[in-house]
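Below are the chains, spelled out letter by letter.
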Amino acid sequence: RAVGAAIASSGLPRGDVFLTTKVMCCPTLRCGGVCEGGTTAPVAVNAATYRNVTAQLEHSLSVLGLPSVDLLLLHFPCARWADTAAAWRALERAHAAGHARAIGVSNFNASLLRRLVKIAAIQPAVNQVGFSIA
């Protein structure tokens, strides 16, 4: 909420602020209570993943008080490829609906990224990966 409020009160045109948010691939244990099934083992592939990713984005936009973000990332690849594909479809739909100017992934290795590119109607704009020299 603070980020959305800061953007609103900054006086800056929305186009001058680049806003990124991430969604988790669900259902996984990593999601905790955010996804259907809470902390239970992964459940229904595809449909549940799609709904959960969509719900996470809707929640983020609601908290921010904004209709869209500049970049929407899938935070991690899913435990199962079918879930990854379903999550990516949810991101593509968010892009088509105007909720994200660009979509991408985070923490995908080269083989998963190649696999995603083969099935994606919209190519990932970004693969955000952490790097540390420490």
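Look a little higher up for the structure.
As the structure is a prediction and not an experimental result, all values here were calculated from the model.

A. Molecular detail of the overall build of the chain. Counting its secondary structure elements, the chain contains four helices and four strands. When the helices and strands of the chain are placed in sequence order, the string is α-β-α-β-α-β-α-β. Evaluated residue by residue, the chain yields a buried proportion of 39% over its 134 residues. Carbon together with sulfur atoms contributes 60% to the accessible area of the chain, which is approximately 7300 Å² in total.

B. Representation of the state of the cysteines in the model. Tallying each qualifying case throughout the model produces one disulfide. The disulfide partner of Cys25 is Cys78, and the gap between their sulfur atoms is 1.5 Å. The chirality of the disulfide connecting Cys25 with Cys78 is right-handed, given an S-S dihedral of about 105°. Of this pair, Cys25 sits in the loop between strand E1 (20-23) and helix H2 (47-64) while Cys78 sits in the loop between strand E2 (69-74) and helix H3 (81-96), placing them 53 residues apart in sequence.

C. Geometry of unusual backbone geometry. Phi is positive for Asn107, close to 65°, though the residue is something other than glycine. Tracing the backbone shows Asn107 in the loop between strand E3 (100-106) and helix H4 (110-119). Using a relative accessible area of 31% as the deciding quantity, one classes Asn107 as partly exposed.

D. Local environment of the pairing of E2. Here E2 lies mainly inside the structure; six of its six residues are buried. Examined bridge by bridge, E1 and E2 share four bridges and lie parallel to one another. When the sheet's bridge partners are listed, Thr20 is paired in E2 with Leu71. Note that the unit made of E2, H3 and E3 has a crossover that is right-handed.

E. Focus on the side chain of Thr84. Looking at where Thr84 falls in the secondary structure, it is placed in helix H3. Looking at Thr84, the relative accessible area reads 2%, which means it is buried. Ignoring sequence-local partners within four residues, the contact set of Thr84 consists of Cys25, Leu74, Pro77, Cys78 and Phe108.

Thresholds applied
Each residue is numbered by its place in its chain's sequence as written, counting from 1. Given that the model is predicted, a residue must reach a pLDDT of at least 70 before its local features are reported, and side-chain atom pairs must reach 80 or more before they are shown or counted; all residues, however, enter totals for whole chains, interfaces and linings. Neither water nor hydrogens contribute to the side-chain values; these are computed over all heavy atoms in the structure. Working definition: helices are DSSP H or I runs of at least four residues, strands are E runs of at least two. Numbering for both runs from the N terminus. Using a 1.4 Å probe on the protein chains alone, a residue whose accessible area is under 20% of its type maximum counts as buried, one over 50% counts as exposed, and one in between counts as partly exposed. Computed with the Shrake-Rupley method and a 1.4 Å probe, the accessible areas treat only the protein chains shown as cover for residues. The criterion for a disulfide is a pair of cysteine sulfur atoms lying within 2.5 Å. At least two bridges found by DSSP between two strands is the condition for calling them paired. Every crossover in which the path from the first strand over the helix to the second runs clockwise, viewed with the strands pointing away from the viewer, is termed right-handed. Any two residues whose heavy atoms approach within 4.5 Å are treated as being in contact.

Function cannot be read off these values alone, since they describe shape.
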